[in-house]
Amino acid sequence: LAAALLFSAHAALGATVDPATGILNYGGAVPQNNNLKFEVGPAVGQVRVINNFNGTVESFSGVRGINYVAGAGDDFIEFDINASQSLALTTNTGAGPAFFKIQWKSPAGALSAASSLSMGSGGGDVNVELDFESEVHTSTFGWTTNFGGGNKLLKSIIEFKQGTVNATKNVNFANLGGG
């Protein structure tokens, strides 16, 4: 999948931060292959998006959530989150295979952080590698899925480390699709 994505054509994706909610809406329904890396932190609300096809980098501030939407095509999406903040991450890929690598670290610094991951797809094989780690005093993490048809491979490590006193996790794979 990754090798095929490196040689695909790529059109520009839309990106806006809603000033009222702080949600970064990134992508669109354009059918194409995507190879992107989202870097969150270290400053609260700071996000960089790196397009691995053409090397362009976009920077955003004031972000409290990311909503990534893609049309049909192959998706290779990486999230490198290293911030002591609450963050809602939502992904919805169209038809076609999708690979997600998510490194999510909430280092000590904030009194509390609520982190949520909601993933959906229109169909196709989906591979998710998630490594979540929190050192925030009061930390919550929720993960839900709503996938279409296709095979799913979900691998995760969810850890609440030293420094976390109150921890809550809720994992709900209500719809993994068929495969």
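As the structure is a prediction and not an experimental result, all values here were calculated from the model. (Residues numbered from 1 in each chain as written. Predicted model: local features only at pLDDT ≥ 70, side-chain atom pairs only at ≥ 80, totals over all residues. Heavy atoms only, no water.)

What follows concerns the sheet that holds strand β13 (residues 152-160). Spatially, seven strands are ordered β5-β4-β3-β7-β9-β11-β13 in an open sheet, and the strand pairing comes out mixed. Of all the strands in the sheet, the pair left with one neighbour each is β5 (57-60) and β13. Looking at each pair of strands side by side, their axes are set apart by 5° on average, direction ignored. Alignment of strand β11 (residues 126-134) against β13, held across nine bridges, turns out to be parallel. Bridged to L130 within β13 is S156. (Pairing = 2+ DSSP bridges. Helix = DSSP H or I, 4+ residues; strand = E, 2+ residues; numbered from the N terminus. Axes fitted to C-alpha atoms, helices over the stretch in contact; angles between N-to-C directions.)

For the coordinates displayed, the defined rule picks out five salt bridges. A salt bridge links E133 to K161, with the nearest nitrogen and oxygen atoms 3.8 Å apart. With E133 in strand β11 and K161 in the loop between β13 and β14 (166-175), this pair connects stretches of sequence that are 28 residues apart. The buried category is assigned to E133, whose relative accessible area is 17%. Under the relative-accessibility criterion, K161 is labelled partly exposed at 32%. (Salt bridge = Lys/Arg side-chain N within 4 Å of Asp/Glu carboxyl O. Buried < 20%, exposed > 50% of the residue type's maximum accessible area, 1.4 Å probe, protein only.)

Let us now look at the nonpolar core. F38, I66, F79, I102, W104 and L117 are the most contacted members of the largest nonpolar core, which has 32 residues in total. Those residues within four positions of I102 in sequence are excluded, and the remaining contacts are F79, L117, M119, V128, E129, L130 and D131. (Core = buried A, V, L, I, M, F, W, Y, C linked by side-chain atoms within 4.5 Å. Contact = heavy atoms within 4.5 Å.)

On to the environment of F147, then. Counting through the fold element by element, F147 comes out in the loop between β12 (138-146) and β13. Taking the C-alpha atoms as reference, F147 lies 8.7 Å from G124; in sequence the two are 23 residues apart.

This part is about the confidence of the model for the protein. Mean pLDDT for the protein: 87, with 90% of residues reaching 70 or above. This model gives residues 1-11 a pLDDT under 50, and the stretch forms 24 contacts once residues within four places in sequence are excluded. (pLDDT = per-residue confidence, 0-100.)

Within β11, seven of the nine residues are buried, leaving the element largely enclosed by the surrounding structure. Bridge count between strand β9 (residues 98-106) and β11: nine bridges; the pairing is parallel. Paired with I102 across the strands is L130, a residue of β11.

With that settled, the discussion passes to the environment of E159. Here E159 shows up in strand β13. If we ignore the near neighbours within four places in the chain, the residues touching E159 are F132, E133 and S134.

A few words now on the packing of aromatic side chains. Summed over all chains, the structure comprises nine aromatic pairs. Residues Y26 and F38 carry aromatic rings whose centres are separated by 5.4 Å and whose planes lie at 80° to one another, so their mutual orientation is edge-to-face. Placement of Y26 in strand β2 (residues 23-27) and of F38 in strand β3 (residues 34-40) is noted, with a sequence separation of 12 residues between them. Of the two residues, Y26 and F38, both sit in the buried class. Residues F76 and F99 carry aromatic rings whose centres are separated by 5.0 Å and whose planes lie at 10° to one another, so their mutual orientation is stacked. Within this pair, whereas F76 is found in strand β7 (residues 75-82), its partner F99 is found in strand β9, the two being separated by 23 residues in sequence. Note on accessibility: F76 and F99 belong to one class, buried. (Phe/Tyr/Trp six-rings, centres within 6.5 Å; stacked < 30°, edge-to-face > 60°.)

Residues G41 and P42 are joined by a peptide bond in cis, for which omega reads 5°. With respect to the helices, strands and loops of the structure, P42 is situated in the loop between β3 and β4 (47-51).

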